[in-house]
Amino acid sequence: MTHKHTNALIKETSPYLLQHAHNPVQWEAWSYELLEQAKKEDKLLLISIGYAACHWCHVMEKECFEDEAVAEVMNDNFINIKIDREERPDVDHIYMDALQMMTGSGGWPLNIVALPDGRPFWGATYVKKEQWMRILKELSELYRKNPEKVIGHAEKLTEGIRAINLIENKTDTDEFTLDQLGDAVKNWSRYFDTFLGGYKRAPKFMMPGNLDFLLHYAVSQKDTEVLNFVEVSLTRMAYGGIFDHVGGGFSRYSVDTKWHVPHFEKMLYDNGQLVSLYAKAYALTKNELYKEVVEQTIAFVIEELTDSGHGFYSSLDADSLNEAGELEEGAFYVWDKEVLQNLLGDRFPLFKDYYNINSYGHWEHDHYVLIRDSAKNGIAKKHGIDTATLETTLKDCLDLLKKERNKRSKPRLDDKILTSWNGLMLKGLVDAYRYLGKDDYLQLALKNAHFIQKQWGNADHPLFHNHKNGKNTIPGYLEDYATVIDAFLALYELTFDEQWLYRSKELLDHCITHFLDADSGMFFFTSKKDAFVIRRTIETADNVIPASNSIMANNLYKLSKLFPESDYEGLARVMLKNVQENFHKSGRSHANWMHLVLYTQEPFYEVALVGKAYKEMARELYSHYLPNVVFTGTEKDSELAVLQHKYLEGETLIYACVNGACKLPVAQTEAALAQLRPTKTD
């Protein structure tokens, strides 16, 4: 195909950047060399950040960046830089903070105008064509006529960007208590939507890290109200249109309060974390719905997001081509009532009731998004059939719909492979195997873990952030190390293959050497060897993906139990103290941190299984939801301190230890479970 325009992005591997490679805008990819060029030419930077599955990014591209008149204004007055936020979260952090300081909100596309050295002074998200052209002309003119004013504003903004990321080392602070944690959760619970799940707002994000902590808290503290909120949220999310009932997997968020109409992009990071969450919830409740969600979500990831080398792709787009050949949000996923009637025939009345092809499931125009609002047995009773018949009929209907849907134009695939998101999906697979017991999940997890190992770098950069077409081009960020350490440790706990444990330790020690800020006791997002603009970020607030520092603090604490000679626990406790003052006022932004309060204030067990049947007994134990436990095992010998001097000829024994002090060993899993479960009374 011949293109009228081609810019420098044609050399990139990111699907998002390649989407813009034939814009008339003379886009460049982000580089520090480009900033040096801008300084020499004294030319403003126009920095536009987005990602491949972003609907409004596509809208702005069509309205502005594909327009030659707009491109002329941009090319004449700016050095134009396109950034894939998923490839360069380090840069995105800086400019998102800047945008939020300037406007009070943020989002993507994220458009920033900055001085030649990268210091921002104007920002916005989506902007319409005429307004965009006018603003750019005004900003360019202002810089030419009154550069001191622009520079002054940029300097003040830069000071603010640096200041909001300063972390004070609070070593002398007392540790958060369980009573304080209870108060924080109670304050947080004011925002819970106890009827529909999630928070009392729209749009609704699933926030798996928040629900994961609340599940842990509810079990640890025997809080039935919090547990009920978690179960309501998990059930409503699984019932909602945000879950793809035809093809499996979750979309990024819903635009309404009942989880009905999704913003249709599907992200690997959501689905990896949700697999973990639903698997844990299944282990606790044995709710078959949660098991089905795990199975269908993994099936989606295998079918749509798995590379031949067993890495996992990043996302599917929100948009796809409609019947008119135009990109439309959700076109691949929605259904018209007449189409469903024609496809399903006499099964339609049952399907209609189950998935609400009515006013409750109506979206817009003649479009419906499938949504449930009741359990299977109620629908089966209404139609005079048993549950097994209902399930068989629905499966046949969904299989038929999937075949029909696959005739449509599929959403675009973002086929770059990100190490951090692969770490989250790997952990999801490990948890799915742990709690559901399907060997296929462990085999896929091992293949993915070996894939990550094959991308190993060098002493300076053991991990890279990205992989595409056989290339790794961006050194790993803290999020890459944190998620892989977490996943490898979990993989060790199931396989007892010590290579995964020592890989975790190797990566953790690398981070302590190359990422740790000695002043604050926290970890920088980028290595101290890497270049940066304005500041080196310290990420502490948990979002849809938990903060890299909170994941790292949990890693440190867990690994300290297996390497007691290290100072990992001391570092984890310092990190916790540095952020804990935020728990009461902003629990939902620090949920992953709060696991550490439960770890440190409640007994945390190192479980050692030693003897010939150690794997079989471990399988019985770790299939239970035991969040305050790290498992180790060997048939006889190991270098790990917790496993030494515990072998007894002809026996397989289970030791429950706290800080190296072990209870009397037991030979039955039931007795071990009695030692490990919380004993708090109401």
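Scroll up for the structure.
First things first, this report covers the structure right here in the doc. (Residues numbered from 1 in each chain as written. Predicted model: local features only at pLDDT ≥ 70, side-chain atom pairs only at ≥ 80, totals over all residues. Heavy atoms only, no water.)

## What about the overall build of the chain?
Step number 1: In terms of regular secondary structure, the chain is built from 25 helices and 24 strands.
Step number 2: The C-alpha radius of gyration computed for the chain amounts to 26 Å, which stays within 12% of the reference 26 Å derived for 682 residues, consistent with globular compactness.
Step number 3: For the C-alpha atoms alone, the extent of the chain along its principal axes is close to 85 × 70 × 45 Å.
Step number 4: Counting over 682 residues, the chain shows a buried share of 61%.
Step number 5: Partitioning the intrachain contacts of the chain with sequence separation of at least 6 by distance along the chain shows that 70% fall at a separation of at least 24.
Step number 6: Surface accessibility of the chain: about 27,300 Å² in total, with carbon and sulfur atoms responsible for 48%. (Helix = DSSP H or I, 4+ residues; strand = E, 2+ residues; numbered from the N terminus. Rg over C-alpha atoms; globule rule 2.2 N^0.38 Å. Buried < 20%, exposed > 50% of the residue type's maximum accessible area, 1.4 Å probe, protein only. Contact = heavy atoms within 4.5 Å. Areas by Shrake-Rupley, 256 points an atom, 1.4 Å probe, with all protein chains shown as cover.)

## Quick word on the environment of Gly423
Step number 1: Relative to the elements of secondary structure, Gly423 occurs in helix H17 (residues 419-436).
Step number 2: Gly423 sits 111 residues away from Ile534 along the chain, and the two C-alpha atoms are 29 Å apart.
Step number 3: Sequence-distant contacts of Gly423, defined by excluding residues within four places in its chain, comprise Thr483, Val484 and Ala487.

## Thoughts on the layout of surface pockets
Step number 1: One number sums up the size of the second largest pocket: a volume of about 590 Å³.
Step number 2: Around the second largest pocket, the lining comprises 25 residues; the ones closest to its centre are His245, Glu292, Gln296, Lys395 and Leu398.
Step number 3: For the lining of the second largest pocket, the elements supplying multiple residues, two or more each, are helix H12 (288-304), helix H14 (348-355) and helix H16 (387-405).
Step number 4: The dominant element in the lining of the second largest pocket, judged by the number of residues it contributes, is H12, at 8 residues.
Step number 5: Grouping the constituent residues of the lining of the second largest pocket by class yields 11 nonpolar, 4 polar and 10 charged. (1 Å grid on protein atoms, 1.4 Å probe; cavity = no way out; pocket = protein on both sides within 12 Å on 5 of 7 lines; lining within 4 Å. Points joined across faces, edges and corners; volume = space filled by probe spheres on them. Nonpolar A, V, L, I, M, F, W, Y, C, P; charged D, E, K, R; others polar.)

## Notes on the pairing of strand E4 (residues 110-114)
Step number 1: Counting buried positions along E4 gives 5 out of 5 residues, so the element sits mostly inside the fold.
Step number 2: Residue alternation in E4 divides its side chains into two sets, Leu110, Ile112 and Ala114 and Asn111 and Val113, and both sets are buried.
Step number 3: Pairing between strand E2 (residues 44-50) and E4: 5 bridges, direction antiparallel. Within E4, the position partnered with Leu45 by the bridge is Ala114.
Step number 4: Examined bridge by bridge, E4 and strand E5 (residues 120-124) share 4 bridges and lie antiparallel to one another. Across the sheet, residue Ile112 finds its bridge partner in E5, namely Gly123. (Pairing = 2+ DSSP bridges.)

## Some details on the side chain of Lys82
Step number 1: Secondary-structure assignment places Lys82 in strand E3 (residues 78-84).
Step number 2: Buried within the structure, Lys82 lacks any salt-bridge partner; Glu61 is the closest side chain of opposite charge, at an N-O distance of 7.7 Å.
Step number 3: At 2.6 Å, the side chain of Lys82 and the side chain of Tyr16 are in polar contact.
Step number 4: Leaving out residues up to four positions away in the same chain, Lys82 has contacts with Leu9, Tyr16, Leu17, His20, Trp27, Glu28, Ala29, Trp30, Ser48, Ile49 and Phe65. (Lys, Arg positive; Asp, Glu negative; His and termini not counted. Salt bridge = Lys/Arg side-chain N within 4 Å of Asp/Glu carboxyl O. Polar contact = N/O pair within 3.5 Å; in protein donor to acceptor, adjacent residues only side chain to side chain.)

## A look at the side chain of Thr419
Step number 1: As for its position among the elements, Thr419 is in helix H17.
Step number 2: Within the structure, Thr419 has its side chain in polar contact with the backbone oxygen of Phe464 (distance 2.6 Å).
Step number 3: Look past the residues within four positions of Thr419 in its chain and what remains in contact with it is Leu463, Phe464, His465, Asn466, Asp480, Thr483 and Val484.

## Re the packing of helix H11 (residues 268-285) against H17
Step number 1: Running from amino to carboxyl end, H11 crosses H17 at an angle of 20°, the nearest separation of the two axes being 8 Å. Taken together, H11 and H17 sit at an angle that is classed as roughly parallel. Viewed along their axes, H11 and H17 form a crossing whose handedness is left-handed. Side by side, H11 and H17 meet where Leu268, Tyr269, Asn271, Gly272, Gln273, Val275, Ser276, Ala279, Lys280, Tyr282 and Ala283 of the first sit next to Trp421, Asn422, Leu424, Met425, Lys427, Gly428, Leu429, Asp431, Ala432, Tyr435 and Leu436 of the second.
Step number 2: Of the residues in the contact of H11 with H17, the class split is 13 nonpolar, 6 polar and 3 charged. (Axes fitted to C-alpha atoms, helices over the stretch in contact; angles between N-to-C directions. Parallel < 35°, antiparallel > 145°, perpendicular 65-115°, else oblique. Left-handed = near helix turned anticlockwise from the far one by under 90°.)

## Regarding the sheet that holds strand E15 (residues 367-368)
Step number 1: What the 3 strands build is an open sheet, ordered E13-E15-E14; its pairing is antiparallel. Where the open sheet ends on each side, the last strands, each with one partner, are strand E13 (335-336) and strand E14 (362-364).
Step number 2: Of the pairings in the sheet, the one linking E13 to E15 comprises 2 bridges and is antiparallel in character. Paired with Asp336 across the bridge in E15 is His367.

## Side note on the packing of aromatic side chains
Step number 1: All chains considered together, the criterion is met by 33 aromatic pairs.
Step number 2: Ring geometry for Phe176 against Phe583: centres 5.1 Å apart, planes inclined by 80°, an arrangement best described as edge-to-face. On the criterion of sequence distance, the pair formed by Phe176 in the loop between helix H7 (147-163) and helix H8 (178-188) and Phe583 in the loop between helix H22 (568-579) and helix H23 (591-601) is long-range, its members being 407 residues apart. Phe583 matches Phe176 in its accessibility class, with the two residues each being buried.
Step number 3: Aromatic rings pair up to connect Trp188, Phe192, Tyr199, Phe213, Tyr217 and Phe229 into one cluster.
Step number 4: Residue placement shows Arg408 over the ring face of Trp335; its charged tip is 4.2 Å from the ring centre.
Step number 5: Against the face of Tyr655 rests Lys646, its NZ or CZ located 5.5 Å from the ring centre. (Phe/Tyr/Trp six-rings, centres within 6.5 Å; stacked < 30°, edge-to-face > 60°. Lys NZ or Arg CZ within 6 Å of the ring centre and 35° of its normal.)

## Comments concerning the state of the cysteines
Step number 1: With the rule as written, the count across this model stands at 2 disulfides.
Step number 2: Paired through a disulfide, Cys54 and Cys57 show a sulfur-sulfur distance of 2.3 Å. Torsion about the S-S bond of the Cys54 and Cys57 cystine: about 80°, corresponding to right-handed handedness.
Step number 3: Judged by relative accessible area, which is 2%, Cys57 ranks as buried.
Step number 4: Here Cys657 is linked by a disulfide to Cys662, with a sulfur-sulfur distance of 2.0 Å. (Disulfide = S-S within 2.5 Å.)

## Observations regarding empty space enclosed by the protein
Step number 1: According to the stated counting rule, one finds 6 cavities of 30 Å³ or more in the structure shown.
Step number 2: Roughly 650 Å³ of volume is contained in the largest cavity.
Step number 3: Around the largest cavity, the lining comprises 35 residues; the ones closest to its centre are Asp212, Lys280, Lys427, Asp486 and Lys558.
Step number 4: Listing elements by their share of the lining of the largest cavity, those giving two or more residues are helix H9 (208-220), H11, H17, helix H19 (478-495), helix H21 (548-562) and H23.
Step number 5: Residue contributions to the lining of the largest cavity peak at 8 residues, all from H17.

## With respect to helix H3 (residues 55-65)
An α-helical turn contains 3.6 residues, so any two residues separated by three or four positions project in the same direction.
Step number 1: Of all 11 residues in H3, 8 are buried; the element is thus mostly enclosed.
Step number 2: Inspection of H3 places His55, Cys57, His58, Val59, Met60, Glu61, Cys64 and Phe65 among the buried residues, and these make up the whole buried set.

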